[in-house]
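# Coordinates in review
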Amino acid sequence: MKNVLHWNPPKGQHGAEVTYTVQYFIYGQKEWLSVSGCRSISRTYCDLSAETSDYEHQYYAKVQATWETKCSEWAETGRFYPFLETQVGPPEVVLKTGEKSISIVLTAPEKWKINPKDDPVSMQQIYSNLKYNVSVYNTKSRMWSQYITNSTLEFTWLEPSIQYCIHVESFVPGPPRLPLPSQKRCFSTLKDRMSALK
Amino acid sequence: LRRCLSSVDVHRIEQSFWDIRRALQTKDTFKNITILSSLKNLDSIKPVDVCCVTRHLLTFYRDRVFKDHQETSHEVKRKISKIANLFLQMQRTLEQCVHSQCGCSQEATNATRIVQDNYNQLEVSSAALKSLGELDIFLAWIGKNHRETSAA
């Protein structure tokens, strides 16, 4: 739920110093509100995470450019609905090895916090139907296989002496959201002791 | 309340709505007015009232919003009629599923009256357009509440 507004500089300013001011609006409320950290700034982004932290409301944002003695029209976003539009980051991935199996233990990411000291809120609490798309790559056969889970996966069918790589994406069934895949994790299975004894 | 509404129906509505969401919401210029209030107000609905409020809101969309809305774009019109048909299907599913277990408390009745009052504040075509643009609020509420109330 980290929500950052980005924009492009206006065209045709030819080196003039351009500054920007951002305002936001909570849908259903009365007026546009200013953003303390985004008044007359020269960067082209503004972090609105604190302003939009109530993910069940909907929001608009707008930005105005100022240069020399002139200023642009306000450029406005569409209606933004954090609850349905936020990109859910990848889960924490822990690999546990068993006698003849490997388990992938997945833990939901945490919601962005206004104050780092705040208690963590798991995205699982916000999206009880949060699921994970696990992709497993066999480096020998060069084959991908995919699994859907909501917490842990155990693989008992892995072949010995092979490197496997996995990456995991969180997803929430419903409107389309851009996925944020986890980093690739690789592990190798042990040699088959039986073949070693022959 | 047994879980009545199938998530398949909800997802099919979401997909159709998502395709026309920007078009609908951009035409809605009354940012300071909301028909369904925010999910927060709907969230105050107790689990026991979820069925009643769902039923009333489905009827509200069927009998007022879909009828009152004037649409010029054929593409948007097509998607809206698909959504309307899925709403009818959802209504039938809900009716068959709940039979008589769908009582309405005073709070549930008040909540749906607020929606009607909000609707009546605006000129009809603006109200219908705004209500359609707020389908994401309603669908998010259905998704949250018809998943969590799966235990009778």
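All of these numbers come straight from a predicted model, not from anything done at the bench.

### Some details on the overall build of chain A
Secondary structure assignment for chain A yields 3 helices and 14 strands. Whereas a compact globule of 198 residues would reach a radius of gyration of roughly 16 Å, chain A reaches 24 Å, over 25% beyond that. Each principal axis of the C-alpha atoms in chain A carries an extent, and together these give about 85 × 40 × 30 Å. Taken over 198 residues, chain A has a buried fraction of 41%. For chain A, long-range pairs separated by at least 24 residues make up 57% of all intrachain contacts whose partners lie at least 6 apart in sequence. Element-wise, carbon and sulfur atoms account for 51% of the exposed surface of chain A, whose accessible area totals about 11,600 Å². When the 22 basic and 19 acidic side-chain charges of chain A are each reduced to a single mean position, those positions are 7 Å apart.

### Examining the confidence of the model for chain B
All names here are of chain B. Per-chain confidence: chain B averages 86 in pLDDT, with 86% of residues scoring 70 or above. Across chain B, the secondary-structure element scoring lowest on mean pLDDT is helix α2 (residues 39-43), at 65, and the one scoring highest is helix α6 (residues 124-133), at 97. The low-confidence segment residues 148-152 (pLDDT under 50) makes 11 contacts with residues lying over four places distant or belonging to another chain. Both scores are available for the predicted complex, with the pTM at 0.86 and the ipTM at 0.88.

### Focus on the packing of aromatic side chains
All names here are of chain B. Throughout the structure, instances matching the rule amount to 22 aromatic pairs over all chains. Between F60 and Y61, the ring centres sit 5.3 Å apart and the planes meet at 75 degrees, which makes this aromatic pair edge-to-face. Under the relative-accessibility criterion, F60 is labelled buried at 2%. Given a relative accessible area of 0%, Y61 falls into the buried group. On the numbers, 5.6 Å between centres and 5 degrees between planes, the contact of Y61 with F138 is stacked.

### Examining the confidence of the model for chain A
Low-pLDDT stretches of the model should not have their predicted coordinates read in fine detail. This prediction gives chain A a mean pLDDT of 90; 96% of its residues lie at or above 70. At the level of individual helices and strands, chain A shows its lowest average pLDDT in helix α3 (residues 193-197) of chain A, which scores 57, and its highest in strand β3 (residues 33-34) of chain A, which scores 98.

### With respect to the state of the cysteines
Residue and element names in this part refer to chain A. Counted according to the given criterion, the structure contains 3 disulfides over all chains. With its sulfur 2.0 Å from that of its partner, C165 forms a disulfide with C186. Because the sign of the S-S torsion sets the handedness, a value of about 105 degrees for the bond joining C165 and C186 places this disulfide among the right-handed ones. Within this pair, whereas C165 is found in strand β13 (residues 163-171), its partner C186 is found in strand β14 (residues 185-188), the two being separated by 21 residues in sequence. By relative accessible area, which is 36% here, C186 ends up partly exposed.

### Things to note about helix α5 (residues 106-121) of chain B
All names here are of chain B. With 16 residues, α5 should reach 22 Å at 1.5 Å per residue; the first-to-last C-alpha distance of 22 Å fits that figure. Of the positions making up α5, those classed as buried are A108, T112, V115, N118 and Y119. Along the axis of α5, the buried positions cluster into a sector of 110 degrees, meaning they face one direction only. Facing away from the buried side of α5 by more than 90 degrees, the exposed set consists of Q106 and Q121. On its buried face, α5 is in contact with α3 (50-68) and α6.

### Here's the deal with the interface of chain B and chain A
Counting residues at the interface gives 25 residues for chain B, matched by 25 residues for chain A. Summing the contributions of chain B and of chain A, the shared interface buries around 2,100 Å²; its carbon and sulfur component is 53%. Put simply, chain B and chain A have 4 salt bridges between them. Between R21(B) and E85(A) there is a salt bridge, and its shortest N-O distance comes to 2.6 Å. Counting across the chain B and chain A interface gives 10 residue pairs in polar contact (both at pLDDT 80 or more). Put simply, the parts of the chain that give the side of chain B that touches chain A at least two residues each are α1 (7-27), α2, α6 and α7 (135-148) of chain B. For the side of chain B that touches chain A, a count of residues per class yields 6 nonpolar, 6 polar and 13 charged.

### Looking at the sheet that holds β14(A)
Within a sheet, neighbouring strands are paired by backbone hydrogen bonds and run either parallel or antiparallel to one another. Residues and elements named next belong to chain A. Pairing in this open sheet of 4 strands is antiparallel, and the strands run β11-β10-β13-β14 from one edge to the other. Each edge of the sheet is formed by a strand with only one pairing partner; in this case those strands are β11 (143-149) and β14. Shown here is a sheet whose adjacent strand axes are inclined to one another by a mean of 25 degrees, direction ignored. With 7 bridges connecting them, strand β10 (residues 131-138) and β11 associate as antiparallel partners.

The rules we used
- Residues numbered from 1 in each chain as written.
- Chains lettered and ligands numbered in written order.
- Predicted model: local features only at pLDDT ≥ 70, side-chain atom pairs only at ≥ 80, totals over all residues.
- Heavy atoms only, no water.
- Helix = DSSP H or I, 4+ residues; strand = E, 2+ residues; numbered from the N terminus.
- Rg over C-alpha atoms; globule rule 2.2 N^0.38 Å.
- Buried < 20%, exposed > 50% of the residue type's maximum accessible area, 1.4 Å probe, protein only.
- Contact = heavy atoms within 4.5 Å.
- Areas by Shrake-Rupley, 256 points an atom, 1.4 Å probe, with all protein chains shown as cover.
- Lys, Arg positive; Asp, Glu negative; His and termini not counted.
- Charge placed at Lys NZ, Arg CZ, Asp CG, Glu CD.
- pLDDT = per-residue confidence, 0-100.
- Phe/Tyr/Trp six-rings, centres within 6.5 Å; stacked < 30°, edge-to-face > 60°.
- Disulfide = S-S within 2.5 Å.
- Expected span 1.5 Å × (residues − 1).
- Arc of directions from axis to C-beta.
- Buried area = accessible area lost by both parts, 1.4 Å probe.
- Salt bridge = Lys/Arg side-chain N within 4 Å of Asp/Glu carboxyl O.
- Polar contact = N/O pair within 3.5 Å; in protein donor to acceptor, adjacent residues only side chain to side chain.
- Nonpolar A, V, L, I, M, F, W, Y, C, P; charged D, E, K, R; others polar.
- Pairing = 2+ DSSP bridges.
- Axes fitted to C-alpha atoms, helices over the stretch in contact; angles between N-to-C directions.

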